[in-house]
Each structure stands twice: as structure tokens, then as C-alpha cells.
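Single-letter residue listing:
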Amino acid sequence: MAIELKMPALSPTMEEGTLAKWLVKPGDTVKSGDILAEIETDKATMEFESIDEGTIGELLVTEGTEGVKVGTVIATLQGEDEPAAPAASPEAAPAPAAEPAADPKAQAVAAIAPRHDAKPAADPEIPAGTTMVPTTVREALRDAMAEEMRADPGVFVMGEEVAEYQGAYKVTQGLLDEFGAKRVIDTPITEYGFAGIGAGAAMGGLKPVIEFMTFNFAMQAIDHIINSAAKTNYMSGGQMRCPIVFRGPNGAAARVGAQHSQNYGPWYASVPGLVVIAPYDSADAKGLLKAAIRSQDPVVFLENELVYGRTFDVPQLDDFVLPIGKARVVREGKDVTIVSYSIGVGFALDAAQQLAAEGIEAEVIDLRTLRPLDKETVLASLAKTNRMVVAEEGFPICSVASEIIAIAMEEGFDSLDAPVLRVCNEDVPMPYAANLEKAALIDAGKIVAAVKKVCYR
Ligand SMILES: Cc1ncc(C[n+]2csc(CCOP(=O)(O)OP(=O)(O)O)c2C)c(N)n1
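Rules used throughout
- Residues numbered from 1 in each chain as written.
- Predicted model: local features only at pLDDT ≥ 70, side-chain atom pairs only at ≥ 80, totals over all residues.
- Heavy atoms only, no water.
- Helix = DSSP H or I, 4+ residues; strand = E, 2+ residues; numbered from the N terminus.
- Rg over C-alpha atoms; globule rule 2.2 N^0.38 Å.
- Buried < 20%, exposed > 50% of the residue type's maximum accessible area, 1.4 Å probe, protein only.
- Contact = heavy atoms within 4.5 Å.
- Core = buried A, V, L, I, M, F, W, Y, C linked by side-chain atoms within 4.5 Å.
- pLDDT = per-residue confidence, 0-100.
- Salt bridge = Lys/Arg side-chain N within 4 Å of Asp/Glu carboxyl O.
- Pairing = 2+ DSSP bridges.

A. Just the overall build of the chain, in detail. In terms of helices and strands, the chain carries 13 helices and 22 strands. The C-alpha radius of gyration computed for the chain amounts to 25 Å, which stays within 12% of the reference 23 Å derived for 457 residues, consistent with globular compactness. Each principal axis of the C-alpha atoms in the chain carries an extent, and together these give about 80 × 60 × 45 Å. Residues counted as buried form 52% of the 457 residues belonging to the chain.

Structure below.
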């Protein structure tokens, strides 16, 4: 029997598209993975891939036809043992679809694919003369939540001590006063419970911001993050979303021992369906948390306790939102690239300063988003400097650093003049003793040493 090829849903919200171009004609043999056509939506032009093999029968919709409903049969494909249909000219108007039900396999794959493949937008222009306001990271995060709560009544904050006590680290300061107890909700000590309530609320159309006192305690809730929030879009074929933000401090704090000093960035960044953000400074904390709250995808937003009190400039703009998935070159240099994120960026900048005194100009990249990773920015810098060190406050094995090194090998090999090195914490549970803790953590000196190695200095 001929297989009907239907207009695919190339994003969860796509209802119709333009059949921009056919790349096959009747009689062509195709196999799974061959590109059959280019489809335009209001967002992008995307390729329509075959998921079967056979011979193209009829093309039922002409090139250039606009408004072709998802699920409309646009062509037929003959299996191997059937005679191919005579070549027909594709003149027919799009056949009306009785039910706009796209091929479920293609739809399920398409449901999560385009967003993560799409090129992230550039950072917004900051107009000349914009006032820059020195702001702590803690205040920037609070401002982001407050602004989004003012703009959208569906946004609410929930977690241990977020309301009356104003946050274990005072990140939710002032929110209870302004928004009241229905939107700033103290919970019992049950991460599993309130993460689950949040995931359900998000599936039901609200926009929860779930604060974990630290991400160490999110271990109790991880099933909701990984198996509910991250999978909803995919498993419903794009019909149901889970727009939730899980946020809180992550990584090593000071002298709190092994169970309270872990970086979960690589854990979450390995999960398709999640967006993972780990900002360093105040402007990024604000602009990216606002973006996270607006995202239709579940976002794991990793803060750092040791950075909450640091002050950085934030542009005073009505609505400062940064693009998810876009890394930032925080310092330009020509001799070597240091890639990092979160608190590691501070160490990388210190290292770059020390290296400059010795005549080595390091380019420092802040990844900002760990999933989707901005490979382009990393590879462009590697092409310029030909040497790279990745600095990560976290365990070395299966780290974000490992991933960056794999990308450099797979896609940047020809740019490399030296092996890429990673500078990570020691591969041990975090010691409690101050001297051992210091020895286990990354610092600027360790980054300087690695940079000298890749520069053969
Ligand atoms: C799963 C988990 N969530 C959160 C915390 C952080 N935490 C440590 S002590 C504490 C408050 C405990 O209060 P309570 O049970 O009343 O005991 P108290 O210390 O007042 O005797 C919290 C929330 C934790 N240790 N583990």
C-alpha cells in the first residue's frame, strides 16, 4: 500500500506551513533520512525528512502553496514491491485534511527538535547612555522574578522559606509583601512534593518558579524534573508543555561538606527536554531568569551561593531579557580560549589577568546556558586562538568540560595547536577540612598552569 506523506508539525505550535520547495520528483527512490522538501513556517525554513524508504509516487501539493494544514497528505510513497505511480504533475490544490493528525513518529521527533537546533538570537542592544546600576546577583534574581510576576499573573514562587523568611539566601526578599501568600508559597520540607505540585501546575497552564534551598536537596525531586517536566513536551507529541523553572544555589559553597557541595550542571545538561542555565554575573542572572520564566520548556536554573553577594552592573531597561543558548565572550584575547560558566568565570577572568602580565592574552567565554550549548561561539574562539582550556567548578568525569572537549575534537580538530585541557575540582567527595577543601576546588592558579601548558610556555 502506498504510504501517505503528510505535512509534518515541525514545532509544537505549528498548525500550517508553506511547501516551499520539493527536493524529489515522482519516480525518485528515497531512503530514510533523505530530505524530501523544504517547509516554511512563520519561524523558520525546515527540512522535511523521509522516515521510510520507497519510490516517490505523486506530489499532491505544488511548490509555493501556503497554508498547508499539518496532517494534509502532500505526497505518496510506494513501498519496494509496488509499482510506482505514473509521474504526475503536482497541480492539485492541497487536499483538505479531515483531521490534522500528522504522522506520530515524525511529529514526536519534530516536537523537540527545532527549538534546540534553532540559532539563538543575539544579545539585545543596550542603547548608548543606558544607566548601569550596580546590583548584587541576589537582587538581580529577585528583580527578575518580581518583574515577571508583575507582567504575568500565572507566575508564582514556591519553596522552603521563600515567603516569610524571604529565602534561605534572601533571594525572594520583598516578594511576599508585594505579591501575597497565594503567589509566594512556603512549603514543608518535601522537595518531592512541591516539585511535583509545580510540574502539575505548569502542565495545567501556570508558570511556577520552584526554589530549592540548594540543588543538593533537589535529589529528592529529581524524578519530577527528569521524568515529568523534561519528558512532557516529547511524550505528548508537543501537545502539552511544562513551563517551569527550578532554581536555587548549585556547586560548592564554603565549608558545608560533601553532601552540600556539588555541581549538578553536567547531570541536568545531559537530559534532552531540559534547558539548563548557569549564569555568573548580575545582568546575566536577571536577563536569563526572565527568559527562563518565559520559556515554554522546563528550565533548571543553577545559581551559586558564593556569587549571590557579588555586585555587577545591570542595565536599567524596562525589559532586559537575554537569549537562552547564547554564550558570551567576556574578555577578548588571541592566544588561548578559556571556557567556563557560573563561578568558574570569575576564576577564569582572574587567570586571564595574571596571564596578561606574562604576555598571554586569553579569551574568556562564559557559556551561560549549558543546554543547549552554544557550540558556535566556542568553535569560533578556538578557530581564532587555536588553544583551549575548560575551567569548571565541578567533578572532572563526564563534565561539561568533557563535552566541550568532545566538541573541539569532533568539530574543531583542524583549529587545534595543542590538546584541550580541563581544570576541574578533584575527583573526590568535597572534603570538610578547610585545607583539603581548598585543594579540591579549582582556582585561578590552576587555570594559569593549564593555559601555560597548552601554550607550551
Ligand atoms: C531534603 C532537605 N531539604 C532541605 C534541607 C535544608 N534544611 C536543613 S535543616 C532545615 C530545617 C529543619 O527544620 P526542622 O525539621 O523543624 O528541624 P530543626 O532544625 O528546627 O530542629 C532545612 C530545611 C535539608 N537538609 N534536606
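Next comes the rest of the write-up.
B. Highlighting the side chain of Asp 284. Relative to the assigned elements, Asp 284 resides in helix H8 (residues 282-294). Among all residues touching Asp 284, those that are not within four sequence positions of it are Pro 279, Leu 289, Leu 322, Arg 328, Asp 366 and Arg 368.

C. Just the environment of Ala 383, in detail. When you line up the elements, Ala 383 lands in helix H10 (residues 375-385). With 25 residues separating them along the chain, Ala 383 and Ala 408 place their C-alpha atoms 10.0 Å apart.

D. Main features of the nonpolar core. Phe 212, Phe 215, Phe 246, Tyr 268, Leu 274, Val 300 and Leu 370 are the most contacted members of the largest nonpolar core, which has 46 residues in total. Elements supplying a minimum of two residues to this core: strand S10 (155-159), helix H4 (191-203), helix H5 (222-229), helix H7 (265-269), strand S15 (299-303), H10, strand S21 (388-392) and helix H11 (400-412). With 37 residues, the next largest nonpolar core counts Ala 146, Val 171, Val 209 and Ala 283 among its residues.

E. Inspection of unusual backbone geometry at higher detail. Backbone torsion omega between Arg 371 and Pro 372 reads 0°, so that peptide bond is classified as cis. Relative to the helices and strands, Pro 372 is located in the loop between strand S20 (369-371) and H10. Of note, the phi angle at Glu 161 is positive, near 65°, even though the residue is not glycine. You can see Glu 161 is positioned in the loop between S10 and helix H3 (175-179). Positive phi, normally seen in glycine, also occurs at Asn 386, with a value near 65°. Checked against the element boundaries, Asn 386 lands in the loop between H10 and S21. Taking relative accessible area as the criterion, Asn 386 reaches 21% and is therefore assigned partly exposed.

F. Fine view of the confidence of the model for the chain. For the chain, the mean per-residue pLDDT works out to 91, and 90% of the residues sit at or above 70. Under a pLDDT of 50 for its full length, residues 84-100 has, in the predicted model, 24 contacts with residues more than four places off or in other chains. Two numbers describe this predicted complex: its pTM, 0.78, and its ipTM, 0.96.

G. Expanded view of the pattern of salt bridges. The full count for this structure, using the stated rule, is 24 salt bridges. Of the charged contacts in the structure, one is a salt bridge between Arg 368 and Asp 284, with a shortest N-O distance of 3.1 Å. A residue pair is termed long-range when its members are at least 10 positions apart, and Arg 368 in the loop between strand S19 (362-366) and S20 and Asp 284 in helix H8 qualify at 84 residues. Each member of the pair, Arg 368 as well as Asp 284, carries the same accessibility label: buried. Salt bridges linked by common partners bring Glu 147, Glu 148, Lys 286, Lys 290, Arg 294 and Asp 319 together as one network.

H. Geometry of the sheet that holds strand S1 (residues 3-6). Taken in spatial order, the four strands of this open sheet run S1-S8-S6-S3, and their pairing is antiparallel. Single-partner strands in this sheet number two, and they are S1 and strand S3 (29-30).

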